[in-house]
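# Tertiary structure, described
Here is how the chains run, residue by residue.
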Amino acid sequence: MGWHTEKEKDREILPKDVVIKRIKRENKDVRTFFFEDALLDARPGRYVMVWVRGVDEIPISLSHKDAITVERVGKTTESFFKLKEGDSIGIRGPFGNGFDIKGENILLIGGGIGIAPLLYLAEVFGEKKKDMVGNRRFLSITTLIGSRSIETLIFLKEFEKISKVHCSTDDGSLGKKGSVLNMLDAEIFNLEYDMIYVCGPEKMLRSLLEFFNEKDLLEKTQFSLSRIIKCGLGICGSCCIDPKGLRVCRDGPIFYGGEILNSEVGRYERDHTGRRRKV
Ligand SMILES: Cc1cc2nc3c(=O)[nH]c(=O)nc-3n(C[C@H](O)[C@H](O)[C@H](O)COP(=O)(O)OP(=O)(O)OC[C@H]3O[C@@H](n4cnc5c(N)ncnc54)[C@H](O)[C@@H]3O)c2cc1C
Ligand code: FES
């Protein structure tokens, strides 16, 4: 399993009691839960296994060094909405590789709840940007975020503090009408990006893989993937993606575009029983 110390092993196997210090409402179906303390080894793109007592354990990405942002989609995520400040949850991890943080001309592309892990990444780039002031280096961050409507779009103000933001909504209630793909025009591509970071719905990931492949930019892209994660330890096989059997929980959840271009991503996934289903 590659554990270096007993403490590291315990962090991955035994859920640690973590107290929720603050709960922030982002919209009707999304809340951010801030922990009393930042987690050890927290990095953008990593995720934690969160155990809500009596319900289930699910993977959630870090949206800050000390917080997760949860969208209500089923029974476990729904149970988060009953938690109060001062309550505790069980946390294993953080797990996964996290984003490779590099480059000085950065593009972030997020859709739906996929915007959440990109916020932590933007914050880390924002800190780098501050450190560069005075040493004649320059860091440019552009963010494209999309959602169903103005009511469901999260973290707009937070990204505006750190980056140049373009947004889209399916119903046109804010920004460009349609998906984030509609924003990939000449204005956005007037900069040569060193690195492009993507997180969002599976269909969006597939379209972007094809788009960046055509532009010969795949080696400059990092994608955050989601699959059914059970152990988080790389042993159960629940999160493997065809055809190479890459484990999202351990080899990912972040992959360079070239690694997953010819994979199942955006075509099909597996349910809790391992059976294939279309995305
Ligand atoms: C690496 C990773 C990071 C994630 N980060 C976030 C995040 O930051 N915020 C957030 O709101 N959600 C995140 N998710 C998705 C979240 O884990 C699922 O929404 C959650 O597990 C659904 O549980 P449920 O019981 O509420 O819904 P269910 O009724 O079980 O399912 C609702 C939907 O979620 C999918 N799902 C269920 N269990 C899992 C699982 N263990 N892993 C992946 N998908 C699952 C189902 O296939 C279904 O499409 C992440 C998933 C992964 C793999
Ligand atoms: S969740 Fe068990 S191998 Fe990835």
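In this text, all values refer to a predicted model and were calculated from it rather than measured experimentally. (Residues numbered from 1 in each chain as written. Chains lettered and ligands numbered in written order. Predicted model: local features only at pLDDT ≥ 70, side-chain atom pairs only at ≥ 80, totals over all residues.)

On to the overall build of the protein chain. Along its length, the protein chain carries six helices and 17 strands. Taken against the 2.2 N^0.38 rule, which gives 19 Å for 279 residues, the C-alpha radius of gyration of the protein chain at 18 Å falls within 12% of a compact globule. Along the first, second and third principal axes, the C-alpha atoms of the protein chain reach 50 × 40 × 40 Å. Put simply, the protein chain has 279 residues, and 37% of those count as buried. Counting only contacts in the protein chain whose residues sit at least 6 apart along the sequence, the fraction spanning at least 24 positions is 63%. (Helix = DSSP H or I, 4+ residues; strand = E, 2+ residues; numbered from the N terminus. Rg over C-alpha atoms; globule rule 2.2 N^0.38 Å. Buried ≥ 20, exposed ≤ 12 C-beta atoms within 10 Å, placed from the backbone. Contact = placed C-beta atoms within 7 Å.)

Below, the discussion takes up helix α3 (residues 115-132). An ideal rise of 1.5 Å per residue puts 26 Å on 18 residues; α3 measures up with 25 Å between its terminal C-alpha atoms. Burial in α3 covers these residues: Ile115, Ala116, Pro117, Leu118, Leu119, Tyr120, Leu121, Ala122 and Phe125. Phi turns positive, to about 95 degrees, at Gly134, one or two residues after α3. (Expected span 1.5 Å × (residues − 1).)

One closed barrel holds the six strands; their spatial order is β1-β2-β5-β4-β3-β6, and the pairing between them is antiparallel. On average, each strand axis in the sheet is inclined to that of its neighbour by 45 degrees, with strand direction left out of account. Two strands pair when backbone bridges link them, and strand β4 (residues 56-64) and strand β5 (residues 67-71) are joined in this way by two bridges, in the antiparallel orientation. Directly across from Leu62, in β5, lies its bridge partner Ile68. Sitting on the sheet, helix α1 (residues 6-13) is in contact with β1 (16-27) and β6 (88-95), with an inclination near 125 degrees to β6. Together, β4 and β5 form the strand contacts of α3, whose direction differs from that of β4 by roughly 35 degrees. (Pairing = 2+ DSSP bridges. Axes fitted to C-alpha atoms, helices over the stretch in contact; angles between N-to-C directions.)

Near ligand 1 lie 22 residues; those nearest to it are Ile58, Ser61, Gly74, Thr76 and Thr77. Within the residue set of the shell around ligand 1, elements represented by two or more residues are β4, β5, α2 (75-80) and α3. Considering each element in turn, the shell around ligand 1 owes the most residues, five residues, to β4. Both of domain 1 (6-95) and domain 2 (105-278) provide at least three residues apiece to the shell around ligand 1. (Near = placed C-beta within 6 Å. Domains from an automatic or database assignment.)

Take the nonpolar core next. Ranked by internal contacts, the top residues of the largest apolar core, which has 65 residues, are Val48, Val50 and Leu108. The element contributing the most residues to this core is α3, with eight residues. Each of domain 1 (6-95) and domain 2 (105-278) gives at least three residues to this core. Ignoring any residue separated from it by four or fewer positions in sequence, one finds Leu108 in contact with Leu118, Leu121, Ala122, Ile141, Thr143 and Tyr197. (Core = buried A, V, L, I, M, F, W, Y, C linked by C-beta atoms within 7 Å.)

Spatially, seven strands are ordered β10-β9-β8-β7-β11-β12-β15 in an open sheet, and the strand pairing comes out mixed. Taken across any chain shown, the strands that pair with only one partner, and hence form the sheet edges, are β10 (176-177) and β15 (254-256). Taken together, the six bridges between strand β8 (residues 140-147) and strand β9 (residues 164-169) define a ladder with parallel strand orientation. When the sheet's bridge partners are listed, Ile145 is paired in β9 with Cys167.

Turning to helix α5 (residues 202-214), a few remarks are in order. Taking 1.5 Å of rise per residue, the 13 residues of α5 would be expected to cover 18 Å, and the 19 Å separating its terminal C-alpha atoms lies within 8% of that figure. Considered for burial, the residues of α5 that qualify are Met204, Leu205, Leu208, Leu209 and Phe212. What you see down the axis of α5 is that its buried residues fit within an arc of 140 degrees, all on one side. Counted as exposed and oriented over 90 degrees from the buried face of α5: Glu210 and Glu214. Once α5 finishes, Asp216 follows within two positions and takes phi at roughly 60 degrees, a positive value. (Arc of directions from axis to C-beta.)

Each domain of the protein chain was delimited in the assignment, giving domain 1 (6-95) and domain 2 (105-278). The straight-line distance from the C-alpha centre of domain 1 to that of domain 2 is 21 Å. Taken residue by residue, the interface counts 19 residues in domain 1 and 18 residues in domain 2. At the level of elements, β1, β3 (47-52), β4, β5 and β6 are the ones that each hand at least two residues to the side of domain 1 that touches domain 2. Residue composition of the side of domain 1 that touches domain 2, grouped by class: seven nonpolar, seven polar and five charged. (Nonpolar A, V, L, I, M, F, W, Y, C, P; charged D, E, K, R; others polar.)

Attention shifts here to the pairing of β8. Remark: a regular strand shows side chains that alternate across the two faces of the sheet. Burial analysis of β8 places six of its eight residues in the buried class, which makes it a mostly covered element. Across seven bridges, the pairing between strand β7 (residues 105-111) and β8 is parallel. Bridge pairing links Ile109 to Leu144 in β8. Once the chain exits β8 it traverses helix α4 (residues 156-162) before rejoining the sheet at β9, and the crossover so formed is right-handed. (Right-handed = clockwise from strand over helix to strand, strands pointing away.)

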